[in-house]
Amino acid sequence: NKHMIMTKSTFLALLLLLSSMAQGQLILVENLTNGTGHETIAEAIEHASPGDHLELSANTFVERVNISIPLVISGSETGGTIIDVSKEIGWGITLNADNITLEDVVILAGGTNTEYAVHSEPGITGLTLDNVAVYHSNRSCIDLNGLTGPMINELRDITVVGSAVGFGLALSTCANVIVENVTS
């Protein structure tokens, strides 16, 4: 007699999947903290609480992203998570809060977007960019302004290729920053 043991997280994931199928909603972003699913990154951020962890599926997201609360945003562990910011004008990804982590994503810029692919507002601390690649920005690929303490800001395993004007990685008036393994 075999019994299947279902963990709480497996049960919640199954419940989320069945619920989304019943509602016809496509789940591309999962909030690992509260168990909700969303179609877009913007929608997931809108419904997130400070400190939540959003996991993006292996998919291409065509949208600009404004991160204005502390969050962890992770691409798929298997790779293949692309954020395409090339279709709209404006900063592609705006970092506008303390304690933001963005990891395991590829960002496609350029196209009609003439602004920075990734931009931080001055005065934030605790920023982590890890395993982030930015390709073909019409301006600096990653433009970080005024990063500060008291927390350390970490930039690790960054790839920036094809900045038409500006720099691959631009750090202006920044403090408490660790930069490791940048390819440009």
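Placed above this text is the structure.
Heads up: these notes are all about the structure in this document. (Residues numbered from 1 in each chain as written. Predicted model: local features only at pLDDT ≥ 70, side-chain atom pairs only at ≥ 80, totals over all residues. Heavy atoms only, no water.)

**A look at the nonpolar core**
Generally speaking, nonpolar side chains in soluble globular proteins are found buried as a group. Grouped together as the largest cluster of nonpolar side chains are 38 residues, with contacts concentrated most on Ile 93, Leu 95, Ile 107 and Leu 129. Contributions of two or more residues to this core are made by helix 2 (41-46), strand 3 (53-56), strand 5 (65-67), strand 8 (93-95), strand 9 (101-108), strand 11 (128-135), strand 12 (142-145) and strand 13 (153-161). Setting aside residues no more than four positions away along its own chain, Leu 95 makes contact with Ile 67, Ile 100, Val 118, His 119, Ser 120, Glu 121, Ile 124, Leu 127, Leu 129 and Leu 144. (Core = buried A, V, L, I, M, F, W, Y, C linked by side-chain atoms within 4.5 Å. Buried < 20%, exposed > 50% of the residue type's maximum accessible area, 1.4 Å probe, protein only. Helix = DSSP H or I, 4+ residues; strand = E, 2+ residues; numbered from the N terminus. Contact = heavy atoms within 4.5 Å.)

**Considerations on the sheet that holds strand 5**
With respect to topology, five strands assemble into an open sheet ordered 5-8-10-12-14, the strand pairing being parallel. Here the strands that pair on one side only, and so sit at the sheet edges, are strand 5 and strand 14 (169-172). Taken over all neighbouring pairs, the strand axes of this sheet differ in orientation by 10 degrees on average, direction set aside. (Pairing = 2+ DSSP bridges. Axes fitted to C-alpha atoms, helices over the stretch in contact; angles between N-to-C directions.)

**A short note on unusual backbone geometry**
With an omega of 15 degrees, the peptide bond between Gly 149 and Pro 150 qualifies as cis. Relative to the assigned elements, Pro 150 resides in the loop between strand 12 and strand 13. Positioned with a positive phi, Asp 104 is a non-glycine residue whose angle comes to about 60 degrees. Within the fold, Asp 104 resides in strand 9. On the basis of relative accessibility, which here comes to 30%, the residue Asp 104 falls in the partly exposed class.

**Topic: the pattern of salt bridges**
Counted by the stated rule, this structure contains four salt bridges. Measuring nitrogen to oxygen at the nearest pair gives 3.6 Å for the salt bridge that ties Asp 84 to Lys 87. (Salt bridge = Lys/Arg side-chain N within 4 Å of Asp/Glu carboxyl O.)

**Description of the side chain of Thr 128**
Note that Thr 128 resides in strand 11. If we ignore the near neighbours within four places in the chain, the residues touching Thr 128 are Ile 100, Thr 101, Leu 102 and Glu 154.

**Notes on the packing of aromatic side chains**
Applying the stated rule across the entire model yields zero aromatic pairs. When the ring centre of Tyr 116 is taken as reference, the NZ or CZ atom of Arg 139 above it lies at 4.4 Å. (Phe/Tyr/Trp six-rings, centres within 6.5 Å; stacked < 30°, edge-to-face > 60°. Lys NZ or Arg CZ within 6 Å of the ring centre and 35° of its normal.)

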